[in-house]
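# Coordinates in review
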Amino acid sequence: MTDTRVRAFGDTALLAEVAEELSAAEALRVVIALRERLADSQPVGVVDLVPAARTVLVRFAPREVAASVVRAWIAKNLAAAFAAATPQAVLHRVSPADTDVEIGIRYDGPDLDETAALLGIRPAELVSAHLAATWTVAFTGFAPGFGYLVSEDWPFDVPRLESPRTRVPAGSVGLAGSFSGAYPRSTPGGWRLIGATSAPLFDPDAASPALLRPGMRVRFREVADLPAAGPSLVRGSSVHPLRLHAPRVHEIAAHAVMAEETDAALRPLLRVEAPGLLATIQDAGRRGAGSVGVSVSGALDRTALRTANRLVGNPEDAAGLEITAGGFEATALADVWIAVTGAWGELTLDGRDIDHGAAHLWRRGTRLRMGWFTAGVRAYLAVRGGIEARRVLGSAATDTLAGLGPEPLRADAVLSGGALAVDEIPASDLAPWSPPPADLVVRLMSGPRDDAFTLASRRALFEATWTVGAAADRVGMRLEGPRLERSDAGELPSEGMVPGAIQVPPSGSPTILLADGPVTGGYPVIATVLDADLDLLAQAGPGATIHFRHAPQR
């Protein structure tokens, strides 16, 4: 049997990697077979399976299942996965009527000429090769609706950009390694862009949101002008729902993208007067949808949201507001109990100062105001009975990368809620509530690709003082500090990612992925933030300093 290495990925995931000796096609067949085997026997506590080019990422809840149990379960399924890895494996998950997709593309990407030059060919030759290939969707990830396309007709290996773009326009068609793919919406990305399409690659309101699914055959057709989104994609006659791993199918189907029925107990609670820099609805996030490219999302400072909910008697996972940087004002439309936790700054109710980390009765017609924060970045506002919002894949969280969930709040937005069953307002045992620190100490575990970096770089990660750069949001944060050199400069096939993964692109400047970060990525991960320390990063804005420490060995 060919070996598969299981690498630790922080304290909440394991990465099963197919041996390098296998060809790309053989590895993909093993990955698909392994993922299917794991899905059919998934134990309690395993929350997500994310297949990629040569790996399967297995995410689990440490409080529900031990890492050693998950590792043994993966090993048990390896032999059967290799035996089942037949050439037909890639295509067995979709019906013949659903395997032909044609996508119109205009070849005018900003990287077309440079990419052709890197490959030693003319741009027209690159376009011809891309059009001539019959592509197959190998797996999905990175972002909802993003399909990784492979083809036996495609002879090129295209290096990613040395430093990824902070925003790639929606519809961009790119190349990376042996893959081609199209961005369903504007996201960060390091692929080389050769064209654009208007194909509707992801529709959260559709019964089957992702239009490209593993096993589909895809052809590109050159067009001079792009029509409005929709007409450029020609589908087979039948549409089949996405197949998620078995234990999660019913949960996600039960919370499909749909408007919840209005409960009679709902009532308007508040009107937003000023949203500040960014105000979004957040809850505990989405578990188990990584295999279709949907990230966890949810509150970045989970402890702060849970605490605010506890203070007003809500379930800890109730939806509340995440307010970034401050500048938020709202008027109560009903008498309601509230609590504010997380970032620290001026906080007034009807013009009077109130405490952070305590429950307060907000009277109808009065105004709550949060000044610009002086400590920390994100505050959480919980209201008794919870905020009601349309759920997408079981969660009301706003995912800023994928565009899922409610839109960020605007002035004059009216929020309703109060339907949740709640407990009595508890006596607070949390005082005094202190502001977040400006200088952070964050614990790390070795990353699954730490062996791709020099010893000096691995030492520098822990010895340097890192500064959060200007590019910091819910997707991730870039760090300023010493350049981290790689000992292995080879391209890494895209693989599953987790919040807290510290990716290092060829530029050597690390980026920490956060809750809205991509589900898959192609830059090696040198280390992973301990899950319990992710909340600290939620309060680290541009200019904050971070010192990394080794997490205790378990």
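Residues numbered from 1 in each chain as written. Predicted model: local features only at pLDDT ≥ 70, side-chain atom pairs only at ≥ 80, totals over all residues. Heavy atoms only, no water.

A few words on the packing of aromatic side chains. Where two aromatic rings form a pair, the distance of their centres and the angle of their planes describe that pair. Considering all chains together, one arrives at 10 aromatic pairs under this definition. With centroids separated by 5.3 Å and ring planes inclined at 45°, the aromatic side chains of Trp135 and Trp154 adopt a geometry described as tilted. Residue Trp135 is located in strand 6 (residues 135–140), and its partner Trp154 is located in the loop between strand 7 (147–150) and strand 8 (165–168); the two are separated by 19 residues in the primary sequence. You'll find Trp135 and Trp154 in the same group, each marked buried. Taken together, a centroid distance of 5.7 Å and an interplanar angle of 80° make the contact between Phe139 and Phe179 edge-to-face. With Phe139 in strand 6 and Phe179 in strand 10 (residues 179–182), this pair connects stretches of sequence that are 40 residues apart. (Phe/Tyr/Trp six-rings, centres within 6.5 Å; stacked < 30°, edge-to-face > 60°. Helix = DSSP H or I, 4+ residues; strand = E, 2+ residues; numbered from the N terminus. Buried < 20%, exposed > 50% of the residue type's maximum accessible area, 1.4 Å probe, protein only.)

A word on the confidence of the model for the chain. When pLDDT is averaged across the chain, the result is 86; 88% of the residues are at 70 or more. With pLDDT under 50 throughout, residues 89–97 is counted as low confidence; its partners more than four residues away or in other chains account for 27 contacts. Confidence drops under pLDDT 50 across residues 230–264; counting only partners more than four residues distant or on other chains, this segment forms 85 contacts. (pLDDT = per-residue confidence, 0-100. Contact = heavy atoms within 4.5 Å.)

A few words on unusual backbone geometry. With phi around 75°, Ala325 is a residue other than glycine that occupies positive phi space. Its place among the elements puts Ala325 in the loop between strand 17 (320–324) and strand 18 (328–332). Notably, Asp350 is not glycine yet its phi reads approximately 55°, a positive angle. Position of Asp350 relative to the elements: it lies in the loop between strand 20 (347–349) and strand 21 (352–353). For Asp350, a relative accessible area of 43% corresponds to the partly exposed category.

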